[in-house]
Amino acid sequence: MLNLNLMQHCANILGEVLDFHGPADMKLSNYFREHGELGQKDRGEIAECVYGVIRRFRFLKKINGDENNYKKLVIAWLIKIEGRSIRDLEHELSKEEVEWAKSLKSKDTEEYTWPEKLSLPDWLWDLLVEQYGIDEAILLGRSFLEPAKLDIRVNTIKISRDDLVNELAKDTTDIEVMIYSPSGIRIARGTSLSRNRLFLEGKIEVQDESSQILSFLVDAKRGMMVADFCAGAGGKSLAIGAIMKNTGRIYAYDISEKRIINLGKRLKKSGLSNLFAQKIKNEKDAKLKKLHGKFDRVLADVPCSGTGTFRRNPDLKWKNSIQDLDELNLKQLAILEEAKKLVKKEGRLIYSTCSLLKRENGLIVESFLEKNKNFKLISANDILIKNQIPLSTGIFLELTPHKQKTDGFFAAVLERTD
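About the thresholds
Residues numbered from 1 in each chain as written. Predicted model: local features only at pLDDT ≥ 70, side-chain atom pairs only at ≥ 80, totals over all residues. Heavy atoms only, no water. Pairing = 2+ DSSP bridges. Helix = DSSP H or I, 4+ residues; strand = E, 2+ residues; numbered from the N terminus. Axes fitted to C-alpha atoms, helices over the stretch in contact; angles between N-to-C directions. Buried < 20%, exposed > 50% of the residue type's maximum accessible area, 1.4 Å probe, protein only. Core = buried A, V, L, I, M, F, W, Y, C linked by side-chain atoms within 4.5 Å. Contact = heavy atoms within 4.5 Å. Salt bridge = Lys/Arg side-chain N within 4 Å of Asp/Glu carboxyl O. 1 Å grid on protein atoms, 1.4 Å probe; cavity = no way out; pocket = protein on both sides within 12 Å on 5 of 7 lines; lining within 4 Å. Points joined across faces, edges and corners; volume = space filled by probe spheres on them. Nonpolar A, V, L, I, M, F, W, Y, C, P; charged D, E, K, R; others polar.

1. Describing the sheet that holds strand β1 (residues 150-154)
The antiparallel open sheet is built from four strands, whose spatial order is β2-β3-β1-β4. Edge positions in the sheet fall to β2 (175-177) and β4 (204-206), since each of these pairs with one other strand and no more. On average, adjacent strands in this sheet sit at an angle of 30° to one another, irrespective of strand direction. Summarising the sheet, β1 and strand β3 (residues 184-187) pair through four bridges and their orientation is antiparallel. For R153, the partnering residue across the bridge sits in β3 and is G184.

Here's what the structure looks like:
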């Protein structure tokens, strides 16, 4: 239960986070590093408060009337969202704050617009309604407000899922075996893994089920050449390497030196010897030219708006605009045009995003196919069935938090025909 001291810490962090410059999780980590006196339990409660306010920021700002009074945002979250009684909070608040809190109890929010109720920017709400219809847009918006559990990928190079579950069961009963990913489990959010023996030994990796499913959709076989064109932190590369049973070769490319170094650290404990991480300047880097037409599989998990990850990254809701989407669309197409050059005849190009928006997904694929008649769509369903993934979303892989309980995700498989 948040006391006055923890409420103040939460308000302090919100003062740094709500400018929406830089990742919220990084600012939270930096704050905790500077306040070593805070114990693990306190940090958990503060983080819950911070993310709770960010998730409901527009609604709380509306009801509060003053977005810059961070303590009032915390009080409003505790009363209107968490259902805390004023009596519980009275001894932590000033007389003026108690009177203000009482006024919150009777405030009618029924007249608020749906984007205000669901804490979404208007431009995004309009796109969701246009694409999904209002009823499903409401369900999606509500799913964004529910924090996600912690998704884990079992590194099957080192341990089976059954054995991993048996080991974890010694310490916790909150373990859920994933429905779709055969190498995934789900545990309680807020679980700290940084010092966990299983994590340190490389037996588990944090990875959302949607990304795990994508790794199977790549459908890489033993001995194949695979390129992860926008590897990022390398989670998908590591997952594909395990699926390939440590055979063949996987090249993980990224423009960030830091991410490539971090991937190197993860690679050391993974037990994989078939993965090679390389920094590139951009998607047109000269070192890629000698590999044109060499790969059986090329994964292009492109930069996107991140609308599918709002459960985990609620601050992203306020970091993009419709203009940013236009720029992202150009970038996405440009990456696809370069990634296609690496694909061999009868090889496959897999395009993916963690976005729910058609503008970043189906429309990008349509535009690409119009210009590239030597590529054809392959049904995602057929590949998933072949890999015994009990999931059916049509020719594309399309996942949403309110239906599959994963992050929102999209993928299309494109096969080169000449």
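What follows picks up the thread again.
2. Here's the deal with the pairing of strand β12 (residues 409-416)
With seven of its eight residues buried, β12 lies for the most part within the structure. Taken together, the six bridges between strand β9 (residues 343-353) and β12 define a ladder with antiparallel strand orientation. Bridging from a neighbouring strand, T353 pairs with F410 of β12. Here strand β10 (residues 375-378) runs beside β12; their pairing, made up of four bridges, is antiparallel.

3. Description of the nonpolar core
Formed by 40 residues in total, the largest nonpolar core has its most connected members in L2, I13, L14, V50 and V74. Those residues within four positions of L2 in sequence are excluded, and the remaining contacts are M7, E45, C49, V74, W77, L78 and R84. Ranked by size, the runner-up nonpolar core spans 32 residues in total, among them Y180, A252, L272 and L275.

4. Concerning the pattern of salt bridges
A complete count under the given rule lists 36 salt bridges for this structure. With a closest N to O distance of 2.6 Å, D208 and R312 form a salt bridge. Remark: R312 occurs in the loop between β8 (295-301) and α16 (322-339) and D208 occurs in the loop between β4 and α13 (209-217); sequence separation between them is 104 residues. A relative accessible area of 26% means that R312 is categorised as partly exposed. The residue D219 makes a salt bridge to K386 at a minimum N-O spacing of 3.0 Å. Here D219, found in the loop between α13 and β5 (225-228), pairs with K386, found in helix α18 (residues 380-386); they are 167 residues apart in sequence, far enough to count as distant. Linked by salt bridges that have partners in common, K149, D151, D174, E176, R186, D208, E209, R311, R312 and D407 make up one network.

5. Observations concerning empty space enclosed by the protein
For the structure shown, the criterion picks out one cavity of 30 Å³ or more. Space inside the largest cavity adds up to approximately 50 Å³. Taken together, R153, N155, G202, E205, L238, A242, S270 and L272 make up the lining of the largest cavity. For the lining of the largest cavity, the per-class residue count stands at three nonpolar, three polar and two charged.

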